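Results of the structural survey
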Amino acid sequence: MTRRKPAPGEPAWLLKWVYVAADCFGMGKTAIFVSERKNLKPWQANPKTGDVRFSDIAGNTEIKRKLIKTVIDQRVSHAQLFFGPEDSCKLALAIAYAQFINCTNRIIPAQPATGADSIEAADSCGVCPSCVKYQKLAHPDLHFIFPVATTKRVTKKPLSKLFIADWRQFLLESNYQAGLQGWYEAIGIENKQGIINADDCMEIITTLSYKSYESDYKVMIIWMVEKLYYSAAPKILKILEEPPDKTLFILIADEPDQIIKTILSRLLMVKIPKSDILQHNAAEEETIHFTVFRTWMRNCYTGKVAELIAFASEIAKTGREKEKSFLIYALKIIGYCASMNYGQKLPPGVDGEELKFIRDFSPFITSAKLVEFNSLLNDAIYHIERNAHGATLFLDLSLKFVRQFKPIFVPL
Ligand SMILES: [Zn+2]
């Protein structure tokens, strides 16, 4: 068996252990786990500028059309809530909408003689002074409020404006696909909970009391309004109801049910669905998960420890969100195996190779093993969410699965 040096971040003792184990079990050469993951970003901001115009956001045709029409018809509601799942494009759409409202040279195609709808081709110009500042998220009339907490750098009185440079970088790096956990990691608030605090609510009032600098509309984007601190909420009720002239509030949330009711009642609800492109990507991701899961289970069953360590180090490179989604997929397949054992129908869409694998694999998922597999996978998800070292966790999990399949022969 070819020996290699530990990869960066891979503990030397772990690799040594694997070679000892491989010697004990008479393993052959190391198979290479080939990652078939593709770049599954649902949409891409313009790489040259970081620009977010409607045309840069894939899918979402109907919602874009509705938003554009409110501007053309001059019916922009002053306080709107963009809500939808974490992986919807709601923040990108909010910024594209604000940029479109303030663009001084909007592209609005003439209505064709055929009577076809040309609205969805409308967009901001991308080159006027307002658009150029929006591209850098540095327009003086574009304001952001988001959950914050004290950090090593900001040790007291945390305010959104103290994190604005981190915020801009975070949005560009995450391709505007911002998630709360990723944001907390980006600013290093560790185990604290971020909130939108009373001081930030006062900032909203102060900021909006000034005249707009150079554009028609002042735009205040409040991201993750679920995190608005309960006792701070009354401070912004009045301004939400009667904002200064030409002010637009766009509040953003994953879960509108968690928003304080008095705030929610003052907002126009705009549901942002998961886009077609995202759904397509989710299906593609499941196909990849399936291929990886099938190989993983085969290697666990045959006790190929060297392959399992290669798998652990490869999957760890995909990052926490992908690791978690892979484990959730694994839980789903184990559940399907149990359903099959108990004679229940599988949901439509489970077919082809996936169905064949579930048929072949389900005899191994006895009721006792079902409990064990579920428990191991749920524990793994719990630890992934708490920053466990991916390669170590997946190797540990793999070896526990090996023991499930071969309880006598594997001394763990
Ligand atoms: Zn423009």
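The structure we're discussing is the one just above.
As the structure is a prediction and not an experimental result, all values here were calculated from the model.

All right, on to the pairing of strand 1 (residues 79–83) then. Across the five residues of strand 1, four count as buried, placing the element largely inside the fold. Both strand 1 and strand 4 (residues 247–253) contribute to a ladder of five bridges, which runs parallel. Bridging across to strand 4, L81 finds its partner in L251. For strand 1 and strand 5 (residues 268–271), the ladder comprises four bridges, and the chain directions are parallel. By the bridge assignment, L81 is partnered in strand 5 with M269.

This part is about the pairing of strand 3 (residues 218–223). The element strand 3 is largely enclosed, with a buried count of six among its six residues. Burial along strand 3 is two-sided: the residues K218, M220 and I222 and V219, I221 and W223 are all buried. In the sheet, strand 2 (residues 142–145) pairs with strand 3 via four bridges, with the strands oriented parallel. Looking across to strand 3, one finds that H143 is bridged to M220. By the bridge criterion, six bridges tie strand 3 to strand 4 in an arrangement that is parallel. Within strand 4, the residue paired with W223 across the bridge is I252. The parallel pair strand 3 and strand 4 is bridged by helix 8 (residues 234–241), and the resulting crossover is right-handed.

This next bit is on the packing of helix 7 (residues 198–209) against helix 8. Interhelical geometry of helix 7 versus helix 8 gives an angle of 30 degrees and a closest axis separation of 9 Å. Put simply, helix 7 runs roughly parallel to helix 8. In the crossing of helix 7 with helix 8, the sense of the turn from one axis to the other is left-handed. Contacts between helix 7 and helix 8 involve A198, C201, M202, I204, I205 and L208 from the first element and K235, I236 and I239 from the second. Split into classes, the residues belonging to the contact of helix 7 with helix 8 amount to eight nonpolar, no polar and one charged.

It is worth spelling out the nonpolar core at this point. Ranked by internal contacts, the top residues of the largest apolar core, which has 60 residues, are L93, A94, I222, I250 and I252. The element that contributes the greatest number of residues to this core is helix 3 (residues 90–102), accounting for ten residues. Setting aside its immediate chain neighbours within four residues, I250 contacts Q80, F82, A94, A98, V219 and I221. By size, the runner-up hydrophobic cluster in this structure holds 32 residues, among which are C300, A310, Y336 and A380.

Looking now at the sheet that holds strand 3. Within the open sheet, the five strands sit side by side as 2-3-4-1-5. Their pairing is parallel. In the strand order of this sheet, the two ends are held by strand 2 and strand 5, each with one partner. Geometrically, the sheet is characterised by an average inter-axis angle of 20 degrees between neighbouring strands, direction not taken into account. Strands in contact with helix 3 are strand 1, strand 2, strand 3 and strand 4; relative to strand 4, the strand with the most contacts, it is inclined by about 170 degrees.

What counts as what
Residues numbered from 1 in each chain as written. Predicted model: local features only at pLDDT ≥ 70, side-chain atom pairs only at ≥ 80, totals over all residues. Buried ≥ 20, exposed ≤ 12 C-beta atoms within 10 Å, placed from the backbone. Helix = DSSP H or I, 4+ residues; strand = E, 2+ residues; numbered from the N terminus. Pairing = 2+ DSSP bridges. Right-handed = clockwise from strand over helix to strand, strands pointing away. Axes fitted to C-alpha atoms, helices over the stretch in contact; angles between N-to-C directions. Parallel < 35°, antiparallel > 145°, perpendicular 65-115°, else oblique. Left-handed = near helix turned anticlockwise from the far one by under 90°. Contact = placed C-beta atoms within 7 Å. Nonpolar A, V, L, I, M, F, W, Y, C, P; charged D, E, K, R; others polar. Core = buried A, V, L, I, M, F, W, Y, C linked by C-beta atoms within 7 Å.

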